[in-house]
There are 2 protein chains.
Amino acid sequence: MASSPNAELSVPFGFSRTSSLRRSGRKRHTFAAHIRQQLNDQLKCLEIKLETEVCIVTELQEFFRRRAEVEQEYARNLDKLVKSMITRHRAEKQKQEQWATMSTSACWKHLLGITRKQSQDHQSVAEIYSNHMVSRLAEIMDNSQRIFRKCRDIGAESHEDMMKVLNELQSAMKTYHIYQ
Amino acid sequence: MASSPNAELSVPFGFSRTSSLRRSGRKRHTFAAHIRQQLNDQLKCLEIKLETEVCIVTELQEFFRRRAEVEQEYARNLDKLVKSMITRHRAEKQKQEQWATMSTSACWKHLLGITRKQSQDHQSVAEIYSNHMVSRLAEIMDNSQRIFRKCRDIGAESHEDMMKVLNELQSAMKTYHIYQ
């Protein structure tokens, strides 16, 4: 994105032709405005880059927010499943005594234990997604914006310097041609 | 469960006292009925054991059926999330071009890819649970029932043998006491 104005800048409009400086004041003014336009385009590119980055990170945030909801629902469903199985089992006292001696009952209990653990794990993942990930991405966005502001300021400053030097050069060339 | 009638059988009612065989025909009949009752209790225990096992395996089947539903819903939600993110992205053509050059965009794409893979994995797990696990548990139930029937037949047969030998023993004792 940023390469196109740079490429244009490397061969600035009419700069290679020394005759251009001999042209009228209006033309000289147009030339300076053109250079300034290109420098401004550079800054504009930087801004677009920031906007795109913020847009992607916002999308990532949205993804993690919605993913957290999916994880939370999954965790809730697993927990509900375990609880309903235990409630069904507890409702029949007689069953409990009969079940105690069976090895399949141990297997059943283990299965419920695993499922409860999975439910807790997905609950934790949901929290990590909805809190840590989202705030971490917000931090990234802040950083990008801070970096952008710094880059823009440095860019604007150097552009001012360049314009100043360019004006000086134009004056020098003018004087040179007058005394030539 | 099965140990209690066994323990009773090891010291059968009135069997240790030799005088018992001298008692009236009614008492001898009661004694034989008592033994038969204990043997039948043994078979009853076997039946209760089968019922408990079938009950647990049915519960496991129910668990896997409902777990499959939970997995399927999770897979569906993950897939829906990925699709909605892609649809949102596709709706804005301009965005696509801007995003192409950003490294965060690659990260976003990778994340969607992982999520889609997870959705497919959980869909597979749901199918395994609802089809393979449930039918495998049905097989286990069938096996238990077949084993039970075989055990019950062998038990009943050996009980008949025992009762026959007991009757013969009683007759022999009676004859012995007559000729004593």
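Residues numbered from 1 in each chain as written. Chains lettered and ligands numbered in written order. Predicted model: local features only at pLDDT ≥ 70, side-chain atom pairs only at ≥ 80, totals over all residues. Heavy atoms only, no water.

Chain A has the name F-BAR domain-containing protein in an unreviewed UniProt entry, where Arion vulgaris is given as its organism.

Asks: I'd like to hear about the overall build of chain A, residue by residue, with values.
Replies: The helix and strand inventory of chain A stands at 4 helices and 0 strands. Of all 180 residues assigned to chain A, the portion counted as buried reaches 34%. When contacts within chain A are restricted to residue pairs at least 6 apart in sequence, long-range pairs at least 24 apart make up 85% of them. Element-wise, carbon and sulfur atoms account for 55% of the exposed surface of chain A, whose accessible area totals about 11400 Å². (Helix = DSSP H or I, 4+ residues; strand = E, 2+ residues; numbered from the N terminus. Buried < 20%, exposed > 50% of the residue type's maximum accessible area, 1.4 Å probe, protein only. Contact = heavy atoms within 4.5 Å. Areas by Shrake-Rupley, 256 points an atom, 1.4 Å probe, with all protein chains shown as cover.)

Asks: Requested: an account of the packing of aromatic side chains, with residues and values cited.
Replies: In the structure shown here, the tally under the stated rule is 5 aromatic pairs over all chains. Judged by centre distance (5.5 Å) and plane angle (80 degrees), the ring pair of F63 of chain A and F64 of chain A falls under edge-to-face. Here F63 of chain A and F64 of chain A have matching classes, each one buried. Taken together, a centroid distance of 3.8 Å and an interplanar angle of 15 degrees make the contact between Y74 of chain A and Y74 of chain B stacked. Taken together, the residues span two chains, with Y74 of chain A in helix α2 (residues 25-91) and Y74 of chain B in helix α2 (residues 25-91). Neither residue differs from the other here; Y74 of chain A and Y74 of chain B are each classed as buried. (Phe/Tyr/Trp six-rings, centres within 6.5 Å; stacked < 30°, edge-to-face > 60°.)

Asks: So what about the side chain of T115 of chain A? Which residues, and what values?
Replies: Secondary-structure assignment places T115 of chain A in helix α4 (residues 103-179). Filtering out sequence-adjacent residues up to four positions away, T115 of chain A remains in contact with L78 and V82 of chain A together with F63 and R67 of chain B.

Asks: Any chance you could break down the interface of chain B and chain A for me, citing the residues and the numbers?
Replies: Between chain B and chain A, the residue contacts involve 38 residues of the former and 38 residues of the latter. Where chain B abuts chain A, roughly 3700 Å² becomes buried across the two surfaces, and 70% of that area is made up of carbon and sulfur atoms. Contact with chain A buries area across many residues of chain B, yet I56, E59 and F63 of chain B alone supply 17% of it, more than any other trio. Summed over the shared surface of chain B and chain A, the result is 2 salt bridges. Seen at the junction of chain B and chain A, the total is 12 residue pairs in polar contact (both at pLDDT 80 or more). Those elements giving two or more residues to the side of chain B that touches chain A turn out to be α2, α3 (93-99) and α4 (103-179) of chain B. If you tally residues by element for the side of chain B that touches chain A, the top one is α2 of chain B, at 24 residues. Taken together, the residues of the side of chain B that touches chain A sort by class into 18 nonpolar, 10 polar and 10 charged. (Buried area = accessible area lost by both parts, 1.4 Å probe. Salt bridge = Lys/Arg side-chain N within 4 Å of Asp/Glu carboxyl O. Polar contact = N/O pair within 3.5 Å; in protein donor to acceptor, adjacent residues only side chain to side chain. Nonpolar A, V, L, I, M, F, W, Y, C, P; charged D, E, K, R; others polar.)

Asks: Kindly report on the side chain of H89 of chain A, identifying the contributing residues and their values.
Replies: Residue and element names in this part refer to chain A. Within the secondary structure, H89 sits in helix α2. Since its relative accessible area comes to 11%, H89 is described here as buried. Non-local contacts of H89, meaning those with residues more than four positions away in its chain, are made with Q96, W99 and W108.

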